[in-house]
Amino acid sequence: GFSQPIQCRIDELVAGTRAQLIVKLFGDDINVLSERSAKIAKVLSTIRGGADLNAEKVSGQPYLTVNIDRSKIARYGLNISDVQKVIEIAVAGKAASQLYEENRSFPITVRLPEEKRNSLEAIKNLIITTKTGINVPLEQLAEVKMIEGPVQISRQDGMRRIGIEMNITGRDIGSFVAEAKQKIGAQVKLPAGYYLTWGGQFENQQRAMNKLMIIGPAAAGLIMLLLYLSFRSVSLSLLVISNLPFALIGGVVALAITREYLSVPASVGFIALMGIAVLNGLVMISYFNQLKDKGVPAA
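Being a predicted model, the structure only gives us computed values, none of them experimental. (Residues numbered from 1 in each chain as written. Predicted model: local features only at pLDDT ≥ 70, side-chain atom pairs only at ≥ 80, totals over all residues. Heavy atoms only, no water.)

A. Main features of the overall build of the protein chain. Across its full length, the protein chain holds 11 helices and 11 strands. Against the compact-globule benchmark of 19 Å for 299 residues, the protein chain has a radius of gyration of 34 Å, which places it well outside the compact range. Across its three principal directions, the C-alpha atoms of the protein chain cover 120 × 60 × 30 Å. In the protein chain, buried positions account for 28% of the 299 residues. Partitioning the intrachain contacts of the protein chain with sequence separation of at least 6 by distance along the chain shows that 69% fall at a separation of at least 24. One finds the centroid of the 33 positive side-chain charges in the protein chain at a distance of 5 Å from the centroid of its 25 negative side-chain charges. (Helix = DSSP H or I, 4+ residues; strand = E, 2+ residues; numbered from the N terminus. Rg over C-alpha atoms; globule rule 2.2 N^0.38 Å. Buried < 20%, exposed > 50% of the residue type's maximum accessible area, 1.4 Å probe, protein only. Contact = heavy atoms within 4.5 Å. Lys, Arg positive; Asp, Glu negative; His and termini not counted. Charge placed at Lys NZ, Arg CZ, Asp CG, Glu CD.)

B. Structural view of helix α7 (residues 173–187). Compared with an ideal rise of 1.5 Å per residue, which puts 15 residues at 21 Å, α7 spans 21 Å between its outermost C-alpha atoms and is within 8% of the ideal. Those residues of α7 that fall on the buried side of the exposure criterion are Ile173, Phe176, Val177, Ala180 and Ile184. Buried residues of α7, seen end-on, are gathered within an arc of 95° and therefore sit on one face of the element. Opposite the buried face of α7, at more than 90 degrees from it, the exposed residues are Gln182 and Ala186. At its buried positions, α7 is contacted by β1 (21–27), α2 (30–44), β2 (50–55), β10 (159–168), β11 (195–200) and α8 (201–231). (Expected span 1.5 Å × (residues − 1). Arc of directions from axis to C-beta.)

C. Seen up close, the packing of α7 against α8. Following both chains from N to C, one finds α7 and α8 inclined at 110°, their axes separated by 10 Å at the closest point. Classified by the interaxial angle, the pair formed by α7 and α8 is roughly perpendicular. Between α7 and α8 lies a crossing of left-handed hand. Of the residues in α8, those touching α7 at Ile173, Gly174 and Val177 are Gln201, Phe202 and Gln205. (Axes fitted to C-alpha atoms, helices over the stretch in contact; angles between N-to-C directions. Parallel < 35°, antiparallel > 145°, perpendicular 65-115°, else oblique. Left-handed = near helix turned anticlockwise from the far one by under 90°.)

D. Region of the structure containing the nonpolar core. Membership of the largest hydrophobic core comes to 25 residues, with the highest contact counts inside it found for Leu21, Ile40, Leu44, Phe176, Ile184 and Trp198. Considering every element that reaches this core, the biggest residue donor is α2, with 7 residues. In this structure Leu44 touches Val23, Leu53, Ile164, Met166, Phe176, Ala180, Ile184 and Trp198, once residues within four positions along its chain are discounted. Core analysis: the second largest hydrophobic core is formed by 14 residues, Leu78, Ile87, Ile128 and Val144 among them. (Core = buried A, V, L, I, M, F, W, Y, C linked by side-chain atoms within 4.5 Å.)

E. Structural view of a nonpolar patch on the surface. There is a patch of nonpolar side chains on the surface, built from Leu222, Leu225, Leu226, Tyr228, Leu229, Val234 and Leu238 and spanning about 640 Å² of accessible area. Contributions of two or more residues to the nonpolar patch are made by α8 and α9 (234–241). What makes Leu229 partly exposed here is its relative accessible area of 43%. (Patch = residues over 30% accessible without salt bridge, like charges linked within 9 Å, V, L, I, M, F, W, Y side chains within 5 Å. Areas by Shrake-Rupley, 256 points an atom, 1.4 Å probe, with all protein chains shown as cover. Salt bridge = Lys/Arg side-chain N within 4 Å of Asp/Glu carboxyl O.)

F. Structural detail: the pairing of β10. With 7 of 10 residues buried, β10 lies mostly within the body of the structure. Pairing of β1 with β10, which is carried by 7 bridges, proceeds in the antiparallel orientation. The residue bridging Gly27 from the neighbouring strand is Arg160, located in β10. Note: β2 against β10, 4 bridges, orientation antiparallel. Of the residues in β10, the one forming a bridge with Gly50 is Ile168. Alignment of strand β9 (residues 154–156) against β10, held across 3 bridges, turns out to be antiparallel. Its bridge partner being in β10, Arg155 is matched across the sheet by Arg160. The hairpin turn running from β9 into β10, its antiparallel successor, is 2 residues long, and Asp157 in that turn takes a positive phi close to 55°. (Pairing = 2+ DSSP bridges.)

G. Structural context of the packing of aromatic side chains. Under the criterion given, the structure shown has 1 aromatic pair. Consider the rings of Phe26 and Tyr195, whose centres lie 5.0 Å apart with planes at 10°: the pair is stacked. Here Phe26 is found in strand β1, whereas its partner Tyr195 is found in strand β11, with 169 residues between them in sequence. Judged by its relative accessible area of 3%, Phe26 falls in the buried class. Given a relative accessible area of 36%, Tyr195 falls into the partly exposed group. (Phe/Tyr/Trp six-rings, centres within 6.5 Å; stacked < 30°, edge-to-face > 60°.)

H. View of unusual backbone geometry. The phi dihedral of Asp52 is positive, around 55°, even though this residue is not glycine. Assignment of secondary structure puts Asp52 in strand β2. Taking the relative accessible area as the measure of exposure, Asp52 reaches 31% and is therefore partly exposed. Its identity is not glycine, yet Asp157 carries a phi of approximately 55°, on the positive side. If you trace the backbone, Asp157 turns up in the loop between β9 and β10.

Have a look at this one:
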């Protein structure tokens, strides 16, 4: 994904993703999550404004699997632990001795070389020595194979999840998410117990907008109270407040000219603009009152 260094770090710290938008799919089965996330990513790729789409990779890691045949090892008088011990020493290694260097000690670990550990044939040809002294290859006692498993399993709030990240260009995040929810709901059916959440800048925007819906009217009421305490007149206070809608016209026109959208920074700018408009009205009416007190007639 393409981003700016500071913005990238802030997004990662605040929202847990470096992209502007992340869709999180929660569920229990990693295979179902992988299948449904691929369908969701395909739907998102068809929506106007989406860019840098990146679905989290969860599968494709090779795993070495050894399934020991109990009936076969019983014929040679072996236990499960006897076979597992040989595999553990060959692959993971086991301390055979200690190396002492002054007042420090280091374990001397014995295991197969790296090229042998990564070779399926070498693992199959591991020699298991029975109690009677017979050497038996591992492939005669167990099924040794490579399978494809998960690369990683991400969890959030105790549940498995897969994230689909993307950036938004040429439109606002709110309308993109609304369209994406409608299309995903119509084209991708989620099993019971599986659900989606939307995060990133969209989540922060929704949270900030909800706070502004409360702070905005509260600030307007506080401004009205302060104006009344200054003028001791409801009509003059309403006159100053009535200037706010006209002040917002310039901000709306500026957004239209620059082709920007009403975001959280833009909302903060509108609040500053409203403060400047109130300040200008307060200064003007205070000056008019001063002229009136001096006896200057109204023109």
